[in-house]
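Here are the chains, one letter per residue:
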Amino acid sequence: MEKMNAITLEGVKEFGNKKLVGFRVVCNDMKGYGKEIPEASMALERRKSEIKQLLEPVKLIGAFKAGEISEGDDGYWVCFEVHEFEDLPEDMVRLVVPAQKYATLNFNGHASEIFHVYTHLHQWINENGYKRVPDQWSLEIYSKWTANEDKVDLCDPVL
């Protein structure tokens, strides 16, 4: 029997500033991101002991901007959240995501399907009178990530 993915719309949540440390992945196309993001996630998991002041070491955070962006904002950040930036590990980057309001959807399934799940979230945003803000940071907060299954909160910035 085929396993069904679970999608739960969580509504709108506000998050304060997030200080993130990890790897920045920049690719030419979605296929490249599909290969490079999982590799960066596993590398970061192996090296998380190098990151000082981890806030929640079981939550991996992906950050990206969906709209038109500058070259400096291009890509996908694979990170852990920290209390403060301290002694950044070699070859890792830091990113501050400002406080923002997000429409949030919880997804349990395979990472390759996440891109299509955003359709449900965008539809909910439109139906509930919110406006997407694609030039702000979107977040994907993973509480589980494996080769076969992910548990992730998709957080799309809204007004």
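Residues numbered from 1 in each chain as written. Predicted model: local features only at pLDDT ≥ 70, side-chain atom pairs only at ≥ 80, totals over all residues. Heavy atoms only, no water.

Student: Honestly, the overall build of the chain in this entry has me stumped. Any pointers?
Tutor: Helices and strands together make up the secondary structure of the chain, namely two helices and eight strands. For 159 residues, the compact-globule estimate of 2.2 N^0.38 gives 15 Å, and the C-alpha radius of gyration of the chain, at 15 Å, lies within 12% of that figure. By its C-alpha atoms, the chain is 45 × 40 × 30 Å across when sized along the principal axes. Considering the chain as a whole, with its 159 residues, one finds that 42% of them fall into the buried category. At a minimum sequence separation of 6, the contacts of the chain that also span at least 24 residues come to 77%. Accessible surface for the chain amounts to roughly 9,000 Å². Of this, 50% is attributable to carbon and sulfur atoms. Taking the average location of the 19 positive side-chain charges in the chain and that of its 27 negative ones, the two points are 3 Å from each other. (Helix = DSSP H or I, 4+ residues; strand = E, 2+ residues; numbered from the N terminus. Rg over C-alpha atoms; globule rule 2.2 N^0.38 Å. Buried < 20%, exposed > 50% of the residue type's maximum accessible area, 1.4 Å probe, protein only. Contact = heavy atoms within 4.5 Å. Areas by Shrake-Rupley, 256 points an atom, 1.4 Å probe, with all protein chains shown as cover. Lys, Arg positive; Asp, Glu negative; His and termini not counted. Charge placed at Lys NZ, Arg CZ, Asp CG, Glu CD.)

Student: What is the right way to look at the pattern of salt bridges in this model?
Tutor: Think of it this way: side chains of opposite charge can pair up when their charged atoms draw near. Under the definition given, this model contains 11 salt bridges. Across the salt bridge formed by K48 and E45, the nearest N and O atoms sit 3.3 Å from each other. Accessibility expressed as a relative area gives 29% for E45, which makes it partly exposed. Its salt-bridge partner being D91, residue R47 comes within 2.8 Å of it at the nearest N-O pair. Here R47 is found in helix α1 (residues 30–47), whereas its partner D91 is found in the loop between β4 (76–81) and β5 (93–97), with 44 residues between them in sequence. What emerges from the salt-bridge pattern is a single network uniting K35, E36 and E39. (Salt bridge = Lys/Arg side-chain N within 4 Å of Asp/Glu carboxyl O.)

Student: What's the story with the layout of surface pockets in this structure? I'm lost.
Tutor: If you add up the space inside the largest pocket, you get close to 940 Å³. Forming the walls of the largest pocket are 37 residues, and the residues nearest its centre are M30, Y33, I37, Y76 and E140. Elements supplying a minimum of two residues to the lining of the largest pocket: α1, β3 (60–65), β4, α2 (114–127), β7 (137–145) and β8 (150–157). For the lining of the largest pocket, the class distribution of residues is 19 nonpolar, 11 polar and seven charged. (1 Å grid on protein atoms, 1.4 Å probe; cavity = no way out; pocket = protein on both sides within 12 Å on 5 of 7 lines; lining within 4 Å. Points joined across faces, edges and corners; volume = space filled by probe spheres on them. Nonpolar A, V, L, I, M, F, W, Y, C, P; charged D, E, K, R; others polar.)

Student: Can you walk me through α1 in this structure?
Tutor: Note: α-helices contain 3.6 residues per turn, so residues at a spacing of three or four share the same orientation. With 18 residues, α1 ought to run about 26 Å at 1.5 Å a step, and its terminal C-alpha atoms sit 25 Å apart, in line with that. Those residues of α1 not exposed but buried are G32, Y33, I37, A40, S41, A43 and L44. (Expected span 1.5 Å × (residues − 1).)

Honestly, it's all geometry; don't read function into it.
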